[in-house]
Protein chains: 2
Amino acid sequence: MTQPLLITDIRLPDGARVDLAIVDGRFDAIYPMDDHNAHRQRAGWTHEDGHGALALPGFVEGHTHLDKTTWGMPWYRNAVGPKLTDRIENERQWRASSGHDAATASMALARAFLHAGTTRVRTHVDIDTDAGLRHLHGVLATRDGLRDVLDMQIVAFPQSGMLKRHGTDSLLDAALREGADVLGALDPAAIDGDPVASLNLTFDLAQRHQKPIDIHLHEPAQLGAFTLNLLLDRVAATGMQGKVVVSHAFCLGALPDAERDSLLTRIADLRVALLTTAPPSVPVPPLKACIERGVTIFAGNDGVRDTWTPYGSPDMLERAMLVGMRFDLRRDDALATAFDCVSSAGARACGFAEYGLTPGARAELVLVDAETVAHAVVSRPVRKLVMSNGRIVARDGKGIDA
Amino acid sequence: MTQPLLITDIRLPDGARVDLAIVDGRFDAIYPMDDHNAHRQRAGWTHEDGHGALALPGFVEGHTHLDKTTWGMPWYRNAVGPKLTDRIENERQWRASSGHDAATASMALARAFLHAGTTRVRTHVDIDTDAGLRHLHGVLATRDGLRDVLDMQIVAFPQSGMLKRHGTDSLLDAALREGADVLGALDPAAIDGDPVASLNLTFDLAQRHQKPIDIHLHEPAQLGAFTLNLLLDRVAATGMQGKVVVSHAFCLGALPDAERDSLLTRIADLRVALLTTAPPSVPVPPLKACIERGVTIFAGNDGVRDTWTPYGSPDMLERAMLVGMRFDLRRDDALATAFDCVSSAGARACGFAEYGLTPGARAELVLVDAETVAHAVVSRPVRKLVMSNGRIVARDGKGIDA
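As the structure is a prediction and not an experimental result, all values here were calculated from the model.

1. A word on the pairing of strand β15 (residues 391-395) of chain A
All names here are of chain A.
Thinking step 1. Two elements, strand β14 (residues 385-388) and β15, share 4 bridges in a ladder whose sense is antiparallel. Paired with Val 386 across the two strands is Ala 394, which belongs to β15.
Thinking step 2. Where β15 lies against strand β16 (residues 398-399), 2 bridges are found, and the strand directions are antiparallel. By the bridge assignment, Ala 394 is partnered in β16 with Gly 399.
Thinking step 3. The turn linking β15 back onto β16 is made up of 2 residues, and Asp 396 within it adopts a positive phi angle of 50°.

2. Considering the interface of chain A and chain B
Thinking step 1. With 24 residues of chain A at the interface, the matching set in chain B holds 24 residues.
Thinking step 2. Among the elements that line the side of chain A that touches chain B, the one with the most residues is helix α12 (residues 373-379) of chain A, at 3 residues.
Thinking step 3. Of the residues contributing to the side of chain A that touches chain B, the split by class is 12 nonpolar, 5 polar and 7 charged.

3. Digging into the relation of the copies chain A and chain B
Thinking step 1. The two copies are related by a screw motion: chain A maps onto chain B through a turn of 180° and a shift of 0.0 Å along the axis, at an RMSD of 0.0 Å. Accordingly, the operation relating the two chain copies is best matched by a two-fold axis. When C-alpha distances to the rotation axis are compared across chain A, the minimum falls at Pro280(A), with a value of 2.3 Å.
Thinking step 2. An overlap of 100% is found between the interface residues of chain A and their copies at the interface of chain B, pointing to a shared contact surface.

4. Observations concerning the sheet that holds strand β1 (residues 5-11) of chain A
Residues and elements named next belong to chain A.
Thinking step 1. Within the open sheet, the 8 strands sit side by side as β3-β2-β1-β4-β13-β14-β15-β16. Their pairing is mixed. Every other strand in the sheet has two partners, leaving β3 (26-32) and β16 as the edge strands with one partner each.
Thinking step 2. Of the pairings in the sheet, the one linking strand β13 (residues 365-368) to β14 comprises 3 bridges and is antiparallel in character. Each bridged residue has a counterpart across the sheet, and for Leu 365 the counterpart in β14 is Met 387.

5. Quick look at the environment of Ala55(B)
Residues and elements named next belong to chain B.
Thinking step 1. Turning to its location among the elements, Ala 55 is positioned in strand β4 (residues 46-57).
Thinking step 2. Each C-alpha atom of the pair Ala 55 and Ala 370 lies 9.2 Å from the other, and the pair is 315 residues apart in sequence.
Thinking step 3. If we ignore the near neighbours within four places in the chain, the residues touching Ala 55 are Ile 10, Arg 11, Leu 12, Leu 357, Leu 365 and Leu 367.

6. A short note on helix α1 (residues 84-98) of chain A
Note on helix geometry: an α-helix contains 3.6 residues per turn, so any two residues three or four positions apart are oriented the same way.
Residues and elements named next belong to chain A.
Thinking step 1. For α1, built from 15 residues, the straight-helix expectation of 21 Å at 1.5 Å per residue is met to within 8% by its first-to-last C-alpha distance of 21 Å.
Thinking step 2. What α1 keeps buried is the set Arg 87, Glu 91 and Arg 95. Down the axis of α1, the buried set is contained in an arc of 65°. They therefore lie on one face. Turned more than 90 degrees away from the buried face of α1 sit Thr 85, Asp 86, Gln 93, Ala 96 and Ser 97, all of them exposed.
Thinking step 3. Backbone geometry just downstream of α1 places Gly 99 in the positive-phi region, at approximately 70°.

7. A word on the sheet that holds strand β6 (residues 118-126) of chain A
Residue and element names in this part refer to chain A.
Thinking step 1. Pairing within the open sheet is parallel, and its 8 strands lie in the order β5-β6-β7-β8-β9-β10-β11-β12. Of all the strands in the sheet, just β5 (59-64) and β12 (297-299) have a single pairing partner and so form its edges. Put simply, the sheet's adjacent strands are angled 25° from each other on average, direction ignored.
Thinking step 2. Both strand β7 (residues 151-157) and strand β8 (residues 182-186) contribute to a ladder of 2 bridges, which runs parallel. Within the sheet, the bridge partner assigned to Ala 156 lies in β8 and is Leu 183.
Thinking step 3. Together, β8 and β9 (213-217) form the strand contacts of helix α5 (residues 195-209), whose direction differs from that of β8 by roughly 175°.

8. Some words on unusual backbone geometry
Residues and elements named next belong to chain A.
Thinking step 1. Here Asp 328, not a glycine, exhibits a phi torsion of approximately 55°, which is positive.
Thinking step 2. Note that Asp 328 resides in the loop between α9 (316-326) and α10 (332-341).
Thinking step 3. We note that Asp 396 has phi near 50°; this positive angle belongs to a residue other than glycine.
Thinking step 4. Of note, Asp 396 is situated in the loop between β15 and β16.

9. Describing the pairing of strand β13 (residues 365-368) of chain B
A regular strand carries its side chains on alternate faces of the sheet.
Residues and elements named next belong to chain B.
Thinking step 1. Burial along β13 is two-sided: the face carrying Leu 365 and Leu 367 and the face carrying Val 366 and Val 368 are both buried.
Thinking step 2. With 4 bridges connecting them, β4 and β13 associate as antiparallel partners. Paired with Pro 57 across the bridge in β13 is Leu 365.

10. Thoughts on the domain arrangement of chain A
Where interface size is given, it is often the accessible area lost as the parts come together that is meant.
Residues and elements named next belong to chain A.
Thinking step 1. As far as domains go, chain A holds domain 1 (5-57 + 356-399) and domain 2 (59-350).
Thinking step 2. For domain 1 and domain 2, the distance between their C-alpha centres works out to 31 Å.
Thinking step 3. Each partner contributes residues to the interface: domain 1 has 19 residues there, and domain 2 has 23 residues.
Thinking step 4. Elements that contribute at least two residues to the side of domain 1 that touches domain 2 include exactly α12, β14 and β15.

What counts, and where the lines are drawn
Residues numbered from 1 in each chain as written. Chains lettered and ligands numbered in written order. Predicted model: local features only at pLDDT ≥ 70, side-chain atom pairs only at ≥ 80, totals over all residues. Pairing = 2+ DSSP bridges. Helix = DSSP H or I, 4+ residues; strand = E, 2+ residues; numbered from the N terminus. Contact = placed C-beta atoms within 7 Å. Nonpolar A, V, L, I, M, F, W, Y, C, P; charged D, E, K, R; others polar. Least-squares fit on C-alpha atoms with pLDDT ≥ 70 in both. Expected span 1.5 Å × (residues − 1). Buried ≥ 20, exposed ≤ 12 C-beta atoms within 10 Å, placed from the backbone. Arc of directions from axis to C-beta. Axes fitted to C-alpha atoms, helices over the stretch in contact; angles between N-to-C directions. Domains from an automatic or database assignment.

Here you go:
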């Protein structure tokens, strides 16, 4: 039982100046700021002066690959070919030859996320017939090591496809037994070559373990739409409404408006959520159309500085900025929507519990010097304070170890 | 006459470890690193230890609007409508009502650019019949104040159009007499409504003053291509090869490949350069196709945190990163091309003289902890040292005033 804490003089995203009481790792109450209030006079409370900083909820990284990163390692010189299969094969060779260890790599990056204000992470972990569950075991160790301060969901992800390499489904089954929270999947048509068989196997596995699904769908335009409809059929048939995320869904950026909108309506009805990294070089699901039709859309980095990509950052405010730029969001109210993609929408889509700047939720917040949420997104200021589960885990941009 | 300076132990972009001699504000010689070299023993030289840092040439901001920025001012809450005319009108009202002063604003942002490593800036300054030359005078004061450390080109830019507001051409004429270096222009069809008359007037003015042209061309697809061909006709007719920049040129991202490529060939033949901000939400001239056809393409922010846009940064490494992401450049060699857009290609396109990490050029460089140029672009590290004209203007991320 830690001492109760009062963070005084902070501004909420709506502009209200408040004091925030934290008891046993949870937000206990929000008090409008008033020097004469009795809540500041209570005995036994620690006070932390917010100095008028803007308080943001802890950030949500909705889609990354902690097990792939070179974060904290020497710079990886990328000379990889341009095809998806080039990148998959190159990575397998690099992992084999570099002495790469998913536990060390994922811990370095997970800590960087946390210290920059991210308190919830969904990470996809490669499961394949070469590596087996090795990467999963590494990331499970990181999750365990950070259990008190970082809420991590692990997706068992068949990076090399599920049908093409015999035995991958058994490994995914084992991964779900050993602690993976979500079943992953990858391009049932373009990679697996048999969308019906691939999706059936995925839904069977998920049903058997009562786990949600998060599928990487890179398939373009009409092919992607075909696969997406097959997937939605199975969401309806299995009663998995609210339990499925489609990551990337590039096809939704490349269909005629009418076809796209009717798909979006179906997606909304089945409470399937969409994850985007807001990549500037390919079509993406249109943010505004998604939100207007009631589809939850949220954001993540995808890989951070790995053999696939040199880009990515543990700063989710930067990802929010990239979302804002991708969809040309310029007004303050529009940029607040970009921030939602790395906070409340991500929590809702992934099912992260007890989230938000609200009494009863876990005490996770980030203090920054910024006038509005939009200002924080574009300026990405130093984190004055990061709190997770009631613990201060970073101050003035520097991590604090427990 | 300052003391000659030897910067020891730095790495050039090609990986060579060298010492760099600077005399009278210029690079004098590059010595392969060797402790026994006589150049380190000379009397009267100051030494600066580079500690193995990567040396980059000073950065080039190829297109910004220093006179519009709110940099250094309180956050501007953007609630502006979506149309080009909304933004033009909103800005005019804001400048009138906010007490905005182009001298103060441009100085704050120009210094931020300099301290982040930018030594050359091309800035477009609004000239219109409301403000007259007021903004120009403000930016001229900033240019004068930073003359010894920042090479600034001023473009006289008719932000509200040239033909529609009577007297704008006379103001542009006056601006070129009073110190503007380049004649600007804006959408001869979409804004001025008469592409032939608008372009004729622009080329006449430029010819009369013997000044280069830099035109904002936002016009879409076929309309933009039509205007662009009219412009190229006039480049050929006036002998202005090598003296014209087309900024944005969105149309080149939205034409059928064959039509686009034939336009690019013509652009290359006439030595017209293209400026892109690499915006993720609209079509852009394709970087690879431009370079393959010999077209110089370079980059800039456009506005930085002004009433038009909340985005933009004085860190040109960030712009290089956005260029890299826009064109999906992942390999180290490809990211070096993105860096060229904010360095050598920009200098070449704008005609910035005596540029580069080479003997005889002005001593402008940036030292960062990074293994390769690509690493610097994606990590945007603290600037360990920024030198301009042989003067150290920033250290460890902090500006040093003369």
